[in-house]
Amino acid sequence: MTLKKDLISIKHLCKADVEHILKRAESLEDVARGERSLDLLSGYILATLFYEPSTRTRLSFETAMKRLGGTTIDLGSIDISSVSKGETLADTIRVVEGYADCIVLRHPKEGAAAMAAEFTSKPLINAGDGAAHHPTQTLLDLYTMKRESKLEGVKIALAGDLKYGRTVHSLVFALSMFNAKISFVSPPQLAMPDGIKNDLTAMGIEFEETEYIEDVIDDIDVLYMTRIQKERFADINEYNKVAGAYRIEAKYLTGVRDNFIIMHPLPRINEIDPDVDDTPYAKYFEQSFYGVPVRMALLLTLLGK
Ligand code: NCD
């Protein structure tokens, strides 16, 4: 196991670690659904600190903890915590480590989780740091591919905001472990950053780039849609130029592969028409559920259970 105290970036995991977590998640799916009870984390407390909005990540961590017999404490809205009085992140972490056995942190600043982990001896999980990393989303994305389509050798298109989307930044590094063939689909101004493309090239990972989903849709196993990250644009006019750049509708899905699926970390804005929800390809709600067994497996691993 290269996974030691914290999970900050997917880059810190090796393929064996990822496979271990995905396998354990599979054995926990019935517990995640409430069909079997398991109290391995009874007496343990998880602290959730979200300095940016969240629905799925925070609630699925809470569900994971509670399904395993543990409990959670939550910083709540930053307006009503001491953050609004000017407390530093380092001080908040030093306080919270006295209350909890594990800390989940989401923060708008890149590098915040790595910095915070230095102020606590308790396991710290990065639930998103700015546009940089979102490793637990990546683990559940990989799990979804494995369960619903294919993972080893998957042909995948990542579409939408590849510049600011932290989910895709984390995901490409994990895909590199599974011999994926990757297409990047974005408007030129939202292309995957050069630094990440250079890293992929150095690792010998194949990728292609296009502006159009129709160039790739019939020849892929997975279409991974993303939201344009409005909150990360310095100039709202730049956002308005690309808002609504993509919208998948059921009528575009007539020539797709048999094992084709559509994923999305959610929330969706308008990039997937609701008429896609009733097709067999829509797997984004399953994907959000899989966050529970995957986060259960991660919590058990980090807490040595
Ligand atoms: C994502 C995030 O926060 O990066 N949401 C999530 O965790 N499921 C994606 C997004 O906000 O677009």
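Residues numbered from 1 in each chain as written. Predicted model: local features only at pLDDT ≥ 70, side-chain atom pairs only at ≥ 80, totals over all residues. Heavy atoms only, no water.

1. Some remarks on the overall build of the protein
Inference 1: A count of helices and strands for the protein gives nine helices and nine strands.
Inference 2: Expressed as lengths along the three principal axes of its C-alpha atoms, the size of the protein is roughly 55 × 45 × 40 Å.
Inference 3: For the protein, long-range pairs separated by at least 24 residues make up 74% of all intrachain contacts whose partners lie at least 6 apart in sequence.
Inference 4: As displayed, the protein offers around 12900 Å² of accessible surface, 49% of which is attributable to carbon and sulfur atoms.
Inference 5: Of the side-chain charges in the protein, 36 are positive and 45 negative, and the distance between the mean point of each set is 5 Å. (Helix = DSSP H or I, 4+ residues; strand = E, 2+ residues; numbered from the N terminus. Contact = heavy atoms within 4.5 Å. Areas by Shrake-Rupley, 256 points an atom, 1.4 Å probe, with all protein chains shown as cover. Lys, Arg positive; Asp, Glu negative; His and termini not counted. Charge placed at Lys NZ, Arg CZ, Asp CG, Glu CD.)

2. Observations regarding the nonpolar core
Inference 1: Counting residues in hydrophobic clusters, the biggest one holds 61 residues, and the most contacted among them are I156 and L158.
Inference 2: Summarising the domain contributions, this core has at least three residues from each of domain 1 (10-133 + 290-302) and domain 2 (150-282).
Inference 3: Residues within four places of L158 in sequence aside, it is in contact with V168, L171, V172, I182, S183, F184, V185 and Y224.
Inference 4: V185, V216, Y246 and V276 belong to the second largest nonpolar core, which has 21 residues in total. (Core = buried A, V, L, I, M, F, W, Y, C linked by side-chain atoms within 4.5 Å. Buried < 20%, exposed > 50% of the residue type's maximum accessible area, 1.4 Å probe, protein only. Domains from an automatic or database assignment.)

3. Looking at the site of the ligand
Inference 1: R56, T57, R106, H134, Q137, R166, T167, R227, Q229, P265, L266 and P267 make up every residue found near the ligand.
Inference 2: Taking T57, its side chain carries an N or O atom lying 3.0 Å from an oxygen atom of the ligand.
Inference 3: For the ligand, whose accessible area on its own is 320 Å², the fraction buried by protein is 93%.
Inference 4: With respect to the pocket detection grid, the ligand is positioned in the largest pocket.
Inference 5: Counting only elements with at least two residues in the shell around the ligand, the list comes to α2 (56-67) and α6 (166-175).
Inference 6: Residue composition of the shell around the ligand, grouped by class: three nonpolar, five polar and four charged.
Inference 7: Summarising the domain contributions, the shell around the ligand has at least three residues from each of domain 1 (10-133 + 290-302) and domain 2 (150-282). (Near = heavy atom within 4 Å. Polar contact = N/O pair within 3.5 Å; in protein donor to acceptor, adjacent residues only side chain to side chain. 1 Å grid on protein atoms, 1.4 Å probe; cavity = no way out; pocket = protein on both sides within 12 Å on 5 of 7 lines; lining within 4 Å. Sits in = over half its atoms within 2 Å of the grid points. Nonpolar A, V, L, I, M, F, W, Y, C, P; charged D, E, K, R; others polar.)

4. Observations regarding a negative patch on the surface
Inference 1: Residues E206, E208, E214 and D215 make up a contiguous surface patch of negative charge.
Inference 2: Position of D215 relative to the elements: it lies in the loop between β7 (207-210) and β8 (222-225).
Inference 3: The exposed category is assigned to D215, whose relative accessible area is 51%. (Patch = residues over 30% accessible without salt bridge, like charges linked within 9 Å, V, L, I, M, F, W, Y side chains within 5 Å. Salt bridge = Lys/Arg side-chain N within 4 Å of Asp/Glu carboxyl O.)

5. Here we look at the domain arrangement of the protein
Inference 1: The domain boundaries assigned to the protein delineate domain 1 (10-133 + 290-302) and domain 2 (150-282).
Inference 2: Put simply, the middle of domain 1 and the middle of domain 2, counted by C-alpha atoms, are 26 Å apart.
Inference 3: Taken together, the contact between domain 1 and domain 2 spans 19 residues of the former and 16 residues of the latter.
Inference 4: For the domain 1 face of the interface with domain 2, the top three residues by lost area are K15, R56 and A131, together amounting to 39%.
Inference 5: One can count three salt bridges joining domain 1 with domain 2.
Inference 6: Residue K15 is joined to E152 by a salt bridge in which the shortest nitrogen-to-oxygen separation is 2.9 Å. (Buried area = accessible area lost by both parts, 1.4 Å probe.)

6. Considerations on the sheet that holds strand β4 (residues 124-129)
Inference 1: Strands sit in the order β2-β1-β3-β4 across an open sheet of four strands; the sheet is parallel. Edge strands, defined here as strands with exactly one partner in the open sheet, are β2 (71-74) and β4. For this sheet, the mean inter-axis angle between neighbouring strands, taken without regard to orientation, is 15°.
Inference 2: In terms of strand pairing, strand β3 (residues 102-107) meets β4 through four bridges, oriented parallel. The residue bridging I103 from the neighbouring strand is L124, located in β4. (Pairing = 2+ DSSP bridges. Axes fitted to C-alpha atoms, helices over the stretch in contact; angles between N-to-C directions.)

7. Concerning the environment of E211
Inference 1: Note on placement: E211 falls in the loop between β7 and β8.
Inference 2: Taking C-alpha positions, E211 is 5.5 Å from P187, a pair spaced 24 residues apart along the chain.
Inference 3: For E211, the residues in contact, after removing those within four places along its chain, are V185, S186, P187, P188 and Y246.

8. Structural notes on empty space enclosed by the protein
Inference 1: Counting across every chain of the model gives two cavities of 30 Å³ or more.
Inference 2: Taken together, R56, T57, S60, Q137, L140, H264, P265, Y284, Q287, S288 and R295 make up the full set of residues lining the largest cavity.
Inference 3: Looking at the lining of the largest cavity, the elements with two or more residues in it are α2, α5 (135-148) and α9 (284-302).
Inference 4: Per-class residue counts for the lining of the largest cavity are three nonpolar, six polar and two charged.
Inference 5: Empty space within the second largest cavity amounts to approximately 40 Å³.
Inference 6: If you go around the second largest cavity, the residues you meet are T226, I228, G244, A245, Y246, N270 and E271.
Inference 7: Residues that form the lining of the second largest cavity fall into these classes: three nonpolar, three polar and one charged. (Points joined across faces, edges and corners; volume = space filled by probe spheres on them.)

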